[in-house]
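# Close look at the chain arrangement
The lines below spell out each chain.
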Amino acid sequence: MATNLKNLSDFSHTTVPSGKPYKFGIVVAAWNAEVTGALYRGAYDSLIKHGVTEENITSVEVAGSFELIAGADLMLSNKELDAVITLGCVIQGETRHFDFICNAVANGIANVGIKHTKPVIFGVLTTDNQEQALDRAGGKHGNKGDEAAITAIKMAAFTSNL
Ligand SMILES: Nc1c(NC[C@H](O)[C@H](O)[C@H](O)CO)[nH]c(=O)[nH]c1=O
Ligand SMILES: CC(=O)[C@@H](O)COP(=O)(O)O
């Protein structure tokens, strides 16, 4: 597969605007904390690397990826933010619960962005196993948290130029 050939977090081929003018929220799920903690560090460090100030980053933790929906909605309802990053890790278990969670979370997060007309970034890993997740949380396939942060900065800049 194409994924095997590259680091999915390599943004050297793109131009990332300065994040200095913008305010960001990060909502991170506690489920699979080894993975989501790495996603959070990647996202936070990328925001800082691209000029976002510490006081312009608001972080909250929720129980699981399903709660990312409410977390993002409540954050945008209570704080003036330019974008919200959601971070989670859903790993397939024995039942179809994985399918219901993944579908609900993807659709729910998209709907929060539409409701608030604000960029809400989907930084949720949906993997077959923990190895695939760790590979995408600072491993050989990069860090989905980095990707989510860069996307948030790009979307905040896009929105501000409308
Ligand atoms: N199995 C995983 C979950 N499940 C929990 C749900 O996200 C939710 O907290 C629960 O259904 C109560 O509403 N969450 C993850 O983030 N990752 C999983 O692998
Ligand atoms: C994605 C989940 O909720 C999953 O990890 C739960 O595992 P199981 O399907 O074995 O109950």
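Residues numbered from 1 in each chain as written. Chains lettered and ligands numbered in written order. Predicted model: local features only at pLDDT ≥ 70, side-chain atom pairs only at ≥ 80, totals over all residues. Heavy atoms only, no water.

## Overview of the UniProt feature "binding site: 5-amino-6-(D-ribitylamino)uracil" (unreviewed entry) in the protein chain
The positions that UniProt labels "binding site: 5-amino-6-(D-ribitylamino)uracil" (unreviewed entry) are, in the present scheme, Trp31, Ser65, Phe66, Glu67, Cys89, Val90, Ile91 and Phe122. By the secondary structure assignment, Cys89 is in strand 3 (residues 83-91). The class for Cys89 is buried, based on a relative accessible area of 2%. Once residues lying within four places of it in the same chain are set aside, the contact partners of Cys89 are Trp31, Asn32, Val35, Thr36, Ser65, Val124, Leu125 and Ala133. Summarising the element assignment, Ile91 is placed in strand 3. A residue is classified by how much of its surface remains accessible, and Ile91, at 23% relative accessible area, is partly exposed. Ignoring sequence-local partners within four residues, the contact set of Ile91 consists of Asn32, Phe98, Thr127, Asp128, Asn129, Gln130 and Ala133. (UniProt positions renumbered as here; feature names shortened; annotations may be inferred. Helix = DSSP H or I, 4+ residues; strand = E, 2+ residues; numbered from the N terminus. Buried < 20%, exposed > 50% of the residue type's maximum accessible area, 1.4 Å probe, protein only. Contact = heavy atoms within 4.5 Å.)

## What to know about the sheet that holds strand 4 (residues 120-127)
As a general point, the strands of a sheet are linked pairwise by backbone hydrogen bonds and lie either parallel or antiparallel. Spatially, the 4 strands line up as an open sheet ordered 2-1-3-4, and their pairing is parallel. A single partner strand is all that each edge strand has here, and the edge strands are strand 2 (57-62) and strand 4. Here the average twist between neighbouring strands, direction ignored, is 15°. The pairing of strand 1 (residues 24-29) with strand 2 spans 6 bridges and is classified as parallel. Bridge pairing in strand 2 places Val28 opposite Glu61. (Pairing = 2+ DSSP bridges. Axes fitted to C-alpha atoms, helices over the stretch in contact; angles between N-to-C directions.)

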